[in-house]
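# Residue-level structural notes
Here is what each chain is made of, one letter per residue.
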Amino acid sequence: MGSERSWIGRAHLTRWMQALGLVYVLMFLPVRGYGGADAGAVDAGSIQTDAEGMADGGEAAAQQEPMIALTFDDGPDSVCTPMLLDGLKARGVKATFFLIGENIVKDGNQKIVKRMEEEGHLIGNHTYHHVDLSRLSGEEAHQELALTDNLIREITGHETQIVRPPFGAFPDRMQEEIDKLYVKWTVDPLDWMTQNSDEIVRRVVTETEENDIILLHDCYESSVKAALRIIDVLRGKGYEFVTADRLLLE
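This report concerns the structure included in the present document. (Residues numbered from 1 in each chain as written. Predicted model: local features only at pLDDT ≥ 70, side-chain atom pairs only at ≥ 80, totals over all residues. Heavy atoms only, no water.)

### Focus: the environment of Arg115
Condition: Here a strand is any run of E in DSSP of at least two residues, a helix any run of H or I of at least four, and the numbering for each starts at the N terminus.
Structurally, Arg115 can be placed in helix α5 (residues 110-118). Taking the C-alpha atoms as reference points, Arg115 and Leu85, separated by 30 residues in sequence, lie 8.5 Å from one another.

Right, here's the structure in full:
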């Protein structure tokens with residue numbers, strides 16, 4: 001898992017350096033005044049105040065809460081996913097969902113997908129039948145993604161830009177062929193192997209570090225309960241929960 005952390009960007013340091021650069025430029029630019037003979041004079045005190053403010057802003061950016069992302073595979077589930085969405089809404093947390101096409105079309109789950117979109121969660125493609133794409137022909141694999149893309153577009157009004165193939169597997173060269181961001185994961189508590197929420201929480205909170213992407217499933221009640229507890233625990237440790245694209249693109 002540790003080897004996968006290196007591909008996540010380092011936005012905080014970049015913002016801090018940009019802020020210091022802007023302070024330097026402001027200190028040497030002429031001030032444009034308005035009205036009065038001394039309008040063109042530079043107020044050294046005001047420049048010092050502005051510079052201090054920019055420096056404070058840069059320091060605040062550098063001290064921004066470390067970000068992590070919760071991602072959920074294999075939904076939507078007619079029972080567990082609404083429970084999860086209720087808990088996320090109550091906590092003001094946005095998550096990332098990778099949906100299976102055949103689960104979207106059953107049990108009236110289209111309404112759940114619409115709710116995800118309306119509440120600001122990020123929606124991704126997890127194939128139509130939850131198959132190992134690496135075992136299919138290129139045409140069959142593309143069809144698996146296209147079917148789910150179409151469903152998501154019909155419900156949300158736009159095509160998803162992210163994908164996570166089951167088992168993290170693509171056919172040869174397919175990852176380069178599709179116009180989507182492949183979202184991997186760095187923390188996997190194997191929640192599908194246990195109904196013990198305590199164990200799931202323990203595995204995640206002891207392994208998670210800044211910029212990690214946590215893999216869970218919203219089709220198990222134990223995982224949903226664990227996810228909400230994970231949020232509470234890691235927030236208490238100073239982490240901010242964001243959608244996966246923010247970790248990969250910022």
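Here the narrative resumes, following the displayed structure.
### Comments concerning the pairing of strand β6 (residues 213-217)
Counted only if it meets this: To sort residues, take the accessible area from a 1.4 Å probe on protein chains only and compare it with the maximum for the residue type: under 20% means buried, over 50% means exposed, and anything in between is partly exposed. In this scheme, strands are said to pair when DSSP sees at least two bridges between them.
Of all 5 residues making up β6, 5 are buried, and the element is well covered by its neighbours. Here β6 shows a buried face lined by Ile213, Leu215 and His217 and a second buried face lined by Ile214 and Leu216. As defined by bridge partners, strand β1 (residues 67-75) adjoins β6 across 5 bridges and the pair is classed as parallel. Paired with Phe72 across the two strands is Leu216, which belongs to β6.

### Quick look at the nonpolar core
A general feature of soluble globular proteins is that nonpolar side chains tend to end up buried together. We apply this condition: As used in this record, nonpolar core signifies buried Ala, Val, Leu, Ile, Met, Phe, Trp, Tyr and Cys residues forming a set joined through side-chain atoms within 4.5 Å. Residue contacts are counted whenever heavy atoms from the two residues lie within 4.5 Å of one another.
Ranked by size, the top nonpolar core spans 36 residues in total, and within it Phe97 and Leu234 carry the most contacts. Of all elements in the fold, only β1, α3 (80-91), β2 (96-99), α5, α6 (138-156), α8 (197-207), β6 and α9 (221-236) reach the threshold of two or more residues within this core. Among all residues touching Phe97, those that are not within four sequence positions of it are Phe72, Thr81, Leu84, Leu85, Leu88, Met116, His121, Leu122, Ile123, Gly124 and Asp218.

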